[in-house]
Protein chains: 2
Amino acid sequence: MDTFMQAAIEQARLGLQEGGIPIGSVIVHKQRIIGAGHNRRVQKGSAILHGEMDAFENAGRQPANVYRESVLYTTLSPCSMCSGAILLYGIPKIIIGENQSFMGEEALLRSRGVQVEVLQDEICIELMKSFMAARPELWNEDIGV
Amino acid sequence: MDTFMQAAIEQARLGLQEGGIPIGSVIVHKQRIIGAGHNRRVQKGSAILHGEMDAFENAGRQPANVYRESVLYTTLSPCSMCSGAILLYGIPKIIIGENQSFMGEEALLRSRGVQVEVLQDEICIELMKSFMAARPELWNEDIGV
């Protein structure tokens, strides 16, 4: 498997071990991870720390050109908030683990010129399927349902 | 002036006093502020704590129905990230201080059924105009430019 998607999956698993929602993300600039993160709704009582947002936060304040040369990996199709962050910073390409459990704003991203690849990775699918069956109320809270 | 926009402006001024970017926001549920925030890029070295995001974070984990009965006030037109958070949580109405300094994703929000009001408030305009003239590099960083 792609090393960077593997790193995003490790983030998702780390979140699960912490009692959280298993979604992970890494931001990669010139083949180097500059920010890795996972959903911290439970861990930090946060309404905004989705996996991708946590990766942006952990990457810290970056110059605009760094974002514009980066690829974002995420285990799950990005919701409107995370997609909005991708658009804000002009991330040109994202690699998505899967979109069978949840379809995010892929159409909006593509319409704004973002290159979107979906792997339909079995590990990512199983992580979310198990979690959604075990903790449906937490999953719903995470997507505002 | 509207009490809640006044509270958002106070948040923006607080941010400015802290050496930050003067954008503030409050989330109001049934005539009560449940979350107030301001941009903390400088204060926390944060790439995600725009004013609206900080208000969401400070409101904490809320049930879906609370967001769906809330109004978000922000001193400046919301960028794609903050607009994405508004869509994620199904905020039905937002009141914007001004969009002359920066035009955010108002068209997207309206296309998804969000009620958008723009006040073109002179205090909000002056706060941003002065800041953008004084610290253009910081403002550009905040919008990924």
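What counts, and at which threshold
Residues numbered from 1 in each chain as written. Chains lettered and ligands numbered in written order. Predicted model: local features only at pLDDT ≥ 70, side-chain atom pairs only at ≥ 80, totals over all residues. Heavy atoms only, no water. UniProt positions renumbered as here; feature names shortened; annotations may be inferred. Helix = DSSP H or I, 4+ residues; strand = E, 2+ residues; numbered from the N terminus. Expected span 1.5 Å × (residues − 1). Buried < 20%, exposed > 50% of the residue type's maximum accessible area, 1.4 Å probe, protein only. Contact = heavy atoms within 4.5 Å. Polar contact = N/O pair within 3.5 Å; in protein donor to acceptor, adjacent residues only side chain to side chain. Axes fitted to C-alpha atoms, helices over the stretch in contact; angles between N-to-C directions. Nonpolar A, V, L, I, M, F, W, Y, C, P; charged D, E, K, R; others polar. Pairing = 2+ DSSP bridges. 1 Å grid on protein atoms, 1.4 Å probe; cavity = no way out; pocket = protein on both sides within 12 Å on 5 of 7 lines; lining within 4 Å. Points joined across faces, edges and corners; volume = space filled by probe spheres on them. Least-squares fit on C-alpha atoms with pLDDT ≥ 70 in both. Buried area = accessible area lost by both parts, 1.4 Å probe. Salt bridge = Lys/Arg side-chain N within 4 Å of Asp/Glu carboxyl O. Phe/Tyr/Trp six-rings, centres within 6.5 Å; stacked < 30°, edge-to-face > 60°.

Taking an unreviewed UniProt entry as the reference, chain A is identified by name as Cytosine deaminase belonging to Eoetvoesiella caeni. For the record of chain A, the UniProt heading Cofactor (unreviewed entry) holds the text "Zn(2+)". What UniProt states about chain A under its Subcellular location (unreviewed entry) heading is, verbatim, "Cytoplasm".

(A) Layout of helix 1 (residues 3–17) of chain A. Residue and element names in this part refer to chain A. Its 15 residues give helix 1 an end-to-end C-alpha distance of 21 Å, which sits within 8% of 21 Å, the value for a rise of 1.5 Å per residue. Along helix 1, the residues that are buried comprise Phe4, Met5, Ala7, Ala8, Ile9, Gln11, Ala12 and Gly15. Those residues of helix 1 hidden inside the fold are in contact with strand 1 (24–29), strand 2 (32–38), helix 2 (41–44), strand 3 (70–74), strand 4 (93–96) and helix 7 (122–134). Where helix 1 begins, one side-chain oxygen reaches toward the backbone nitrogen of Phe4, 2.6 Å away; that side chain belongs to Asp2. Of the residues one or two after helix 1, Gly19 is the one with positive phi, at around 90°.

(B) Focus on the packing of helix 3 (residues 51–59) of chain B against helix 5 (residues 80–88) of chain B. Residues and elements named next belong to chain B. One can describe the packing of helix 3 onto helix 5 by two numbers: an axis separation of 8 Å at closest approach and a directional angle of 35°. Across from Glu52, Met53 and Phe56 in helix 3, the residues of helix 5 making contact are Met81, Cys82, Ala85 and Ile86. In terms of residue class, the contact of helix 3 with helix 5 is made up of 6 nonpolar, no polar and 1 charged.

(C) View of the sheet that holds strand 1 (residues 24–29) of chain B. Residue and element names in this part refer to chain B. The strand order 2-1-3-4-5 describes an open sheet built from 5 strands, whose pairing is mixed. Each edge of the open sheet is held by one strand with a lone partner, namely strand 2 (32–38) and strand 5 (115–118). Here the average twist between neighbouring strands, direction ignored, is 15°. Pairing between strand 1 and strand 2: 6 bridges, direction antiparallel. Across the sheet, Ile27 pairs through a bridge with Gly35, a residue of strand 2.

(D) Fine view of the UniProt feature "domain: CMP/dCMP-type deaminase" (unreviewed entry) in chain A. When the UniProt feature table is mapped to this numbering, "domain: CMP/dCMP-type deaminase" (unreviewed entry) covers residues 1–116 of chain A. Secondary structure content for residues 1–116 of chain A is 41% helix and 21% strand, while the C-alpha to C-alpha distance between its ends is 18 Å.

(E) The arrangement of the layout of surface pockets in detail. In this structure, the largest pocket occupies an estimated 190 Å³ of space. At the level of elements, helix 3 (51–59) of chain A together with helix 3 of chain B are the ones that each hand at least two residues to the lining of the largest pocket. Considered class by class, the residues forming the lining of the largest pocket number 4 nonpolar, 2 polar and 8 charged.

(F) Representation of the relation of the copies chain B and chain A in the model. Overlaying chain B on chain A yields an RMSD of 0.0 Å, the required transformation being a rotation through 180° with an accompanying axial translation of 0.0 Å. Here the transformation between the copies is reduced to the relation of a two-fold axis. A high fraction, 100%, of the interface residues of chain B reappear at the interface in chain A, so the copies pair face to face through one surface.

(G) The arrangement of the side chain of Asp121 of chain A in detail. Structurally, the position occupied by Asp121 of chain A is in the loop between strand 5 (115–118) and helix 7. Sequence-distant contacts of Asp121 of chain A, defined by excluding residues within four places in its chain, comprise Met1, Ile9, Gly97 and Glu98 of chain A.

(H) Region of interest: the interface of chain B and chain A. Between chain B and chain A, the contact holds 34 residues from the first and 34 residues from the second. Regarding the contact of chain B and chain A, the summed buried area is about 2,700 Å², with carbon and sulfur atoms giving 56% of it. Three residues stand out in chain B for area buried against chain A, namely Ile48, Arg61 and Leu88 of chain B, and they jointly supply 25% of the buried area on that side. Counting across the chain B and chain A interface gives 4 salt bridges.

(I) Representation of the packing of aromatic side chains in the model. Summed over the entire model, instances satisfying the criterion amount to 10 aromatic pairs over all chains. Between the aromatic rings of Phe4 of chain A and Tyr73 of chain A, the centroid separation amounts to 5.6 Å while the plane-to-plane angle is 55°, which identifies the pairing as tilted. Here Phe4 of chain A is found in helix 1, whereas its partner Tyr73 of chain A is found in strand 3, with 69 residues between them in sequence. Phe4 of chain A sits in the buried class, given a relative accessible area of 12%. For Tyr73 of chain A, a relative accessible area of 8% gives the class buried. Ring plane angle 80° and centroid distance 5.6 Å describe the contact between Phe102 of chain B and Trp139 of chain B, whose orientation is recorded as edge-to-face. One end of the pair, Phe102 of chain B, is in the loop between strand 4 (93–96) and helix 6 (106–111); the other, Trp139 of chain B, is in helix 8 (residues 136–142), and 37 residues separate them in sequence. With a relative accessible area of 18%, Phe102 of chain B lands in the buried category. Each member of the aromatic cluster is reached from another via a ring pair, and the members are Phe56, Tyr67 and Tyr89 of chain A.

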